Amino acid sequence: MSKVDSNADVKRGLEGVIVAESRVCYIDGIKGRLYYRGYGIGDIAKNCSFEEAAYLLLYSKLPNRRALHSFSVELRRRRNLPQRIVEMMRTFSKSMTSMEALRTAVSALAADDPDARKVSLEDHLNNGISLIAKMPTIVAYYYRINRGEEVVKPDPELGHAANFLYMMTGRVPDKTSARGMDMDMVLHAEHGFNASSFAVRVTVSTLSDMHSAFTTGVGTLKGPLHGGAAEEVMRMLEEIGYAKNVDKYVQKILAGHGRVMGYGHRIYKTYDPRARVLKKMAEEMSKEKENMRWFEIGERLEVVMEREKGLYPNVDFYSAMVYHHLALPIDINPSLFAIARSAGWVAHAAEQYGDNKLIRPLDRYVGEIDLEFIPLNKRK
Ligand code: COA
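Cut-off values and rules
Residues numbered from 1 in each chain as written. Predicted model: local features only at pLDDT ≥ 70, side-chain atom pairs only at ≥ 80, totals over all residues. Heavy atoms only, no water. Salt bridge = Lys/Arg side-chain N within 4 Å of Asp/Glu carboxyl O. Helix = DSSP H or I, 4+ residues; strand = E, 2+ residues; numbered from the N terminus. Buried < 20%, exposed > 50% of the residue type's maximum accessible area, 1.4 Å probe, protein only. Pairing = 2+ DSSP bridges. Near = heavy atom within 4 Å. Polar contact = N/O pair within 3.5 Å; in protein donor to acceptor, adjacent residues only side chain to side chain. Areas by Shrake-Rupley, 256 points an atom, 1.4 Å probe, with all protein chains shown as cover. 1 Å grid on protein atoms, 1.4 Å probe; cavity = no way out; pocket = protein on both sides within 12 Å on 5 of 7 lines; lining within 4 Å. Sits in = over half its atoms within 2 Å of the grid points. Points joined across faces, edges and corners; volume = space filled by probe spheres on them. Phe/Tyr/Trp six-rings, centres within 6.5 Å; stacked < 30°, edge-to-face > 60°.

Quick look at the pattern of salt bridges now. A complete count under the given rule lists 22 salt bridges for this structure. Across the pair glutamate 231 and arginine 235 runs a salt bridge whose closest N-O atoms are separated by 2.8 Å. With a gap of four residues between them, glutamate 231 and arginine 235 both fall in helix H11 (residues 229-240), about one helical turn apart. Owing to a relative accessible area of 36%, arginine 235 belongs among the partly exposed residues under this scheme.

Quick look at the structure:
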């Protein structure tokens, strides 16, 4: 028996490692700035619909009126799910979560799509657009099926965000709600080499197809350190209850080396610019609904977390409040993240494919080698 140790430098969690050149997104984690294809997130959040931001991410330029119209029409045209997928979702165990149903349905969609196995830049964009269009339908359908309700078919008159709320509730949303959902989707659409987008790139780098990449993406986004935090935030706010309990709660979590959900970020060492926009929206919605309880907890948490850990809220923190005011159920929060991030996944998949090199890092082996082999019948 002997040991090998190459003494190579290990970057745990790939922290600080630059793995590719990219033109999709720029993040300045020190100054708290974010750009999609060179455009500041403030301008995009204020002016763009999800469709417009998705077009920008996919085609690297802002659409003119005609291009935006045909892109929106294309998304609307592809919203419907094959009946077989709807039937399949009816057979899912009631205990299946929204993200688990989404992961399974996204994968199963490949079976009914003759283009799904095709792999070229054009195919990636084509299949990606189909998946962006269908993900809201999957989430809304499964939500209703799981509650024993009839599904609400997509309405081609409504935009991407408004249609999602319509399929969830069966009611056409008011303008404020539709815009709130839309802006939230825009802010979640892309964020550089985050874990799920990187996972998508790894899958595409093997020359696998887009449905496989999306299945990887949903599976990776599901974890509580990534998209799953969106669900945990609202549960945490409920546990805290009122602003007066914040200090005690944080002390308890930090003493147990736990995590305050919706706080901290691998890249941002300052306030997440998306959280800034969402905070404003959460405040407006809280005032409109005359319910400041969650927002007051948020304000106190900001003070305590900055003081205790030097940490700031990330995108998931205030978005959880926005979802609450939109009357969306807590357990679909990570799926809302996935619906929006789908645009970024397609942009990254296309970029990876366009200049592909198999992603295959190395590890530093610290185990043993040259062990004496013991036959099965002699092992204790
Ligand atoms: N609550 C309490 N402490 C936190 C924290 C949080 N939300 N986020 C980071 N920390 C602390 C860690 O305990 C660690 O402290 P220590 O050095 O005293 O041990 C330090 O900050 C570094 O944490 P680490 O996990 O190494 O940083 P990271 O870059 O790998 O983590 C996240 C980034 C997002 C995974 C992390 O901030 C986190 O778990 N946040 C909560 C989950 C969340 O909101 N995820 C959504 C991200 S958009």
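Here three strands make up an open sheet; going across it, the order is E2-E3-E4 and the pairing antiparallel. The outermost strands of the open sheet, each flanked by one partner alone, are strand E2 (25-28) and strand E4 (39-40). Relative to E4, strand E3 (residues 33-36) runs antiparallel, the two sharing two bridges. Of the residues in E4, the one forming a bridge with tyrosine 36 is tyrosine 39.

What follows concerns the site of the ligand. The ligand sits among 19 residues. The nearest are Arg259, Val260, Gly262, Tyr263 and Arg266. With respect to the ligand, the backbone of glycine 262 contributes an N or O atom lying 2.9 Å from an oxygen atom. For the ligand, whose accessible area on its own is 850 Å², the fraction buried by protein is 68%. Under a 2 Å grid-point criterion requiring more than half of the atoms, the pocket assigned to the ligand is the largest pocket.

A probe matching the size of a water molecule, rolled over the atoms, marks out where space remains unfilled. Each pocket or cavity is described by its volume, and for the largest pocket that value is around 1,700 Å³. Lining the largest pocket are 43 residues, and of these Phe193, Asn194, His265, Arg266 and Ile267 lie nearest its centre. Looking at the lining of the largest pocket, the elements with two or more residues in it are E2, helix H9 (195-205), helix H14 (293-309), helix H15 (315-325) and helix H16 (333-354). It is E2 that provides the largest number of residues to the lining of the largest pocket, a total of three residues.

Bridging between E2 and E3 involves four bridges; their strand directions are antiparallel. Paired with cysteine 25 across the bridge in E3 is tyrosine 36.

Turning our eyes to something else, we now look at the packing of aromatic side chains. According to the stated counting rule, one finds eleven aromatic pairs in the structure shown. Where tyrosine 26 meets tyrosine 35, the ring centres are 5.9 Å apart and the plane angle is 35 degrees; that geometry is what we call tilted. For tyrosine 26, a relative accessible area of 46% corresponds to the partly exposed category. Each ring, one from tyrosine 59 and one from phenylalanine 71, has its centre 6.2 Å from the other, and the planes form 85 degrees; the classification is edge-to-face. Note that tyrosine 59 is positioned in helix H2 (residues 50-59) and phenylalanine 71 in helix H3 (residues 65-77), a separation of twelve residues in sequence. One aromatic cluster is present, formed by Tyr263, Phe295, Phe317 and Tyr318 through successive ring pairs.

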